[in-house]
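Survey of secondary and tertiary structure
Listed below are the residues making up each chain.
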Amino acid sequence: MIKKYENKYYLELVSKIEKNNLTIGILGLGYVGLPLALSFCEKKIKVVGFDTNKNVITTLNQKLSHIDHINSARVEKAVNNKFFFPSCDFSIIKNVDAILICVPTPISEKREPNLSYILSSLNSIQKYLREGQILILESTTYPGTTDGILKPFLEKLKFKIGENFFLIYSPEREDPGNKLFDTTQIAKIIGGDTELCSAIGIKLYAKIIPNIFQVSSSRAAEMTKLLENIFRAVNIGMVNELKELAEKLDIDIFEIIKAASTKPFGFIPFYPGPGVGGHCIPIDPYYLSWKAKQYGLSTKLIDIAGEINSSMPSYVIKKFIELFKNKSLSIKDSKVLILGVTYKKNIEDCREAPGLEIIDQLINLGVIVSYHDPFCNYLNYQKKNNINLNSQELNKNNIEDQDCLILVTDHDKFDYLFIEKYSNLIIDTRGRFKPSNKVIRG
């Protein structure tokens, strides 16, 4: 048995980390992988970035960012200084010391985990793995993925975890577009398969992140990530449910949240909206629900919150129908402009965005739908309808020509005073306008 911390592979890796003489390979250069790669590059650590999307690799090699909120100047500097090497060639894996998997983990139509991107990543690198490497999974997943899938995969290749290969789960905690916290300012959770695995993970991430929190296992780290997002999903579901009740009571839910937020303890503000989107809140809770079912348990609160949040686009449509009925307006062939289609403000990501469902339902009602979003120039997606739309200019004539505007995503770039001045009717799902004869909350 190798004594603790006398492992030659561990000592070699520590030496490389301390001297910045290691190479990191990052699989997936999206909202998680790219900022992580650039953070290491900015500490003068060499990173090879892998992505199966050749357009992404081409763009990065042209020294441009393919993600709006990540400045191209960071990419240009990293490439020019020869610290960042975007590539589609997975054979380079044999030359890297640490491999970080940052690929999507969606759910199926049955709300079951879809680990195909992780499995595909493992298949792409398996021929090139060698002794003395670190493999870290950052993708959100259910407890037991790292030790139940990645570990057996490595053991089949004859690696001994914690001896000649190191396996870690360290969940991504990105909040795209958040200007207060970037990758290096958010504490890093580390859960290694063995104590030595955790120790090397801490050494590695400490190069870019000062605050690191070690948990007892990869399963604990996986559960931590799910808890974070389930906490948000449940509280968003609660306030979305209260929104309709507050309206019946003739109370402004946004005023109530603002008032409750004055309490310095025991309350955290969450805000209602047209639904939840992105790759975390609408998806991650179902990873735990699925896992719970394997133990004969039900996650009633999580499931109910998911149902409430999923129903919010239909709630917005209900408000739209009520508004037109009360105003004696015809819904068919009416003109409606959607303000914002990305899942959250100030970013370009439309994954699981509630605005897409709202557009789809409006088209089913015979509405002539258009949209404006400064972060998304073109929509091409298939729901019940095949949607192909270009973002429209937001000018006086275009606003006045609409029967109704629906604020779905409250981008800071919007001129809300200008919009309100020239609009006929507004359904506000984000609480950015003051309710009036032509503004209702939705």
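The structure under discussion appears in the preceding block.
Residues numbered from 1 in each chain as written. Predicted model: local features only at pLDDT ≥ 70, side-chain atom pairs only at ≥ 80, totals over all residues. Heavy atoms only, no water.

**Describing the sheet that holds strand β3 (residues 84–87)**
In plain terms, the rule: For two strands to be treated as a pair, DSSP must find at least two bridges joining them. Elements are defined by DSSP. Helices are runs of H or I of four residues or more, strands are runs of E of two residues or more, and each kind is numbered from the N terminus. Only the stretch in contact is used when fitting a helix axis, every axis being a line fitted to C-alpha atoms; angles between N-to-C directions are given from 0 to 180 degrees. What makes two residues a contact is simply this: any of their non-hydrogen atoms within 4.5 Å.
The strand order β3-β2-β1-β4-β5-β6-β7-β8 describes an open sheet built from 8 strands, whose pairing is mixed. Strands at the two margins of the open sheet, each flanked by one partner only, are β3 and β8 (212–214). Pairs of neighbouring strands in the sheet enclose a mean axial angle of 25°, with direction left out of account. As paired elements, strand β1 (residues 23–27) and strand β2 (residues 46–50) share 5 bridges and run parallel to each other. Counterpart to Gly-25 in the pairing with β2 is Val-48. Helix α7 (residues 195–205) contacts β1, β4 (98–101), β5 (134–137), β6 (166–169), β7 (188–192) and β8 of the sheet and is inclined by roughly 155° relative to β7.

**Quick look at helix α4 (residues 72–80)**
Which entries qualify depends on this criterion: Remark: exposure states derive from per-residue accessible area (1.4 Å probe, protein chains only) relative to the maximum for the residue type, with buried under 20%, exposed over 50%, and partly exposed in between. Taking the helix axis as origin, the arc is that swept by the directions to the C-beta atoms. Counting of polar contacts relies on pairs of N or O atoms within 3.5 Å, with two restrictions inside protein: one atom must be capable of donating a hydrogen and the other of accepting it, and residues adjacent in sequence are counted only when both atoms are side-chain atoms.
Val-75, Ala-78 and Val-79 are the residues of α4 that are buried. Angularly, the buried residues of α4 cover 95° about the axis, an arc narrow enough to put them on a single face. Buried residues belonging to α4 abut α2 (33–41), α3 (54–61) and β3. The residue sitting at the N-terminus of α4 and contributing the capping side-chain oxygen is Asn-71; that oxygen lies 2.8 Å from the backbone nitrogen of Ala-73. Just downstream of α4 lies Lys-82, where phi reads positive at about 60°.

**A word on the packing of helix α11 (residues 300–326) against helix α12 (residues 354–364)**
For the record, the criterion: By the definition adopted for this analysis, an angle is roughly parallel if under 35 degrees, roughly antiparallel if over 145, roughly perpendicular if from 65 to 115, and oblique otherwise. When the near helix sits turned anticlockwise from the far one by under a right angle, the crossing is termed left-handed; a clockwise turn instead gives a right-handed crossing. Ten residue types, Ala, Val, Leu, Ile, Met, Phe, Trp, Tyr, Cys and Pro, are classed as nonpolar, four, Asp, Glu, Lys and Arg, as charged, and the remainder, Gly among them, as polar.
Across the interface, α11 lies against α12 with an axial gap of 9 Å and an inter-helix angle of 45°. On the basis of their axis angle, the class for α11 and α12 is oblique. As for how α11 packs across α12, the hand of that crossing is right-handed. Together, Pro-313, Ser-314, Val-316, Ile-317 and Phe-320 of α11 and Pro-354, Glu-357, Ile-358, Gln-361 and Leu-362 of α12 make up the contact between the two elements. Here the residues of the contact of α11 with α12 sort into 7 nonpolar, 2 polar and 1 charged.

**Overview of the packing of helix α8 (residues 218–248) against α11**
At their nearest, the axes of α8 and α11 sit 8 Å apart, and the two run at 45° to each other. Taken together, the axis directions place α8 and α11 in an arrangement best described as oblique. Where α8 crosses over α11, the handedness of that crossing is left-handed. The segment α8 lies against α11, with Ile-230, Ala-233, Val-234, Ile-236, Gly-237, Asn-240, Glu-241, Lys-243, Glu-244 and Glu-247 engaging Leu-301, Ile-302, Ala-305, Ile-308, Asn-309, Met-312, Tyr-315, Lys-318 and Lys-319. A class-by-class count of the residues in the contact of α8 with α11 yields 10 nonpolar, 3 polar and 6 charged.

**Some remarks on the layout of surface pockets**
Convention followed: A cavity, in this analysis, means grid points on a 1 Å lattice covering only the protein atoms where a 1.4 Å probe fits yet has no way out; a pocket is instead an open set bounded by protein on both sides within 12 Å along at least five of seven lines, and a residue lines either one if it has an atom within 4 Å of a point. Grid points are joined across faces, edges and corners, and a volume is the space filled by probe spheres set on the points.
Volume-wise, the second largest pocket comes out at about 660 Å³. If you go around the second largest pocket, you meet 30 residues; those closest to its centre are Arg-111, Val-276, Pro-282, Ser-310 and Glu-352. Looking at the lining of the second largest pocket, the elements that each hand over two or more residues are α8, α10 (284–293), α11, α12 and β11 (378–382). No other element matches α11, which puts 7 residues into the lining of the second largest pocket. Here the residues of the lining of the second largest pocket sort into 17 nonpolar, 8 polar and 5 charged.

**Observations regarding the nonpolar core**
Using the following cut-off: Buried residues of nine kinds, namely Ala, Val, Leu, Ile, Met, Phe, Trp, Tyr and Cys, make up a nonpolar core once their side-chain atoms join them within 4.5 Å.
With 80 residues, the main nonpolar core has Ile-24, Phe-40, Phe-84, Leu-100 and Leu-135 as its most contacted residues. The contact partners of Leu-135, leaving out residues within four places of it in the chain, are Ile-99, Ile-101, Leu-122, Ile-125, Leu-150, Leu-154, Phe-165, Phe-166, Leu-167 and Ile-168. Counting 30 residues, the second largest nonpolar core, distinct from the first, contains Val-316, Cys-350, Val-367 and Cys-404.

**Brief notes about the state of the cysteines**
Defined as follows: In what follows, a disulfide is any cysteine sulfur pair within 2.5 Å.
Enumeration according to the criterion identifies 0 disulfides in this entry. As a non-bridged cysteine, Cys-280 has Cys-102 as the owner of its nearest cysteine sulfur, 13 Å distant. With no disulfide of its own, Cys-350 lies 3.8 Å from the sulfur of Cys-376, the closest cysteine sulfur. Of the residues examined, Cys-350 reaches a relative accessible area of 16% and is grouped as buried.

**As for the side chain of Asn-7**
As for its position among the elements, Asn-7 is in the segment before α1 (8–18). Residue Asn-7 is classed as buried on the basis of its relative accessible area, which comes to 1%. Of the polar contacts made by the side chain of Asn-7, one reaches the backbone nitrogen of Tyr-9; its length is 2.7 Å. There is a polar contact of 2.9 Å between the side chain of Asn-7 and the backbone nitrogen of Tyr-10.

**Quick word on unusual backbone geometry**
With phi around 60°, Arg-111 is a residue other than glycine that occupies positive phi space. Examined against the element boundaries, Arg-111 turns out to sit in the loop between β4 and α5 (116–125). Take Arg-111: its relative accessible area is 36%, and that puts it in the partly exposed class.

**Re the pattern of salt bridges**
Our working rule: The working definition used for a salt bridge is a side-chain nitrogen of Lys or Arg within 4 Å of a carboxyl oxygen of Asp or Glu.
Scanning the entire structure with this criterion turns up 20 salt bridges. Measuring nitrogen to oxygen at the nearest pair gives 2.7 Å for the salt bridge that ties Lys-318 to Glu-244. With Lys-318 in helix α11 and Glu-244 in helix α8, the pair connects residues that are 74 residues apart, well separated along the chain. When its relative accessible area of 28% is taken as the criterion, Glu-244 is described as partly exposed. Taking the shortest distance from any N to any O, the salt bridge between Lys-319 and Glu-247 comes out at 2.2 Å. With Lys-319 in helix α11 and Glu-247 in helix α8, the pair connects residues that are 72 residues apart, well separated along the chain. Within this structure, Lys-345, Asp-410, Asp-412 and Arg-432 form a network of salt bridges that share partners.

**Description of the pairing of β1**
Going by this rule: When the strands point away from the viewer, a crossover counts as right-handed if the path from the first strand over the helix to the second runs clockwise.
Buried residues dominate β1, accounting for 5 of its 5 residues. Because side chains alternate across β1, one face comprises the buried residues Thr-23, Gly-25 and Leu-27, and the other comprises Ile-24 and Ile-26, equally buried. Running through α2, the crossover from β1 to the neighbouring parallel element β2 is right-handed. Of the strand pairs in this sheet, β1 and β4 are connected by 4 bridges, and their pairing is parallel.

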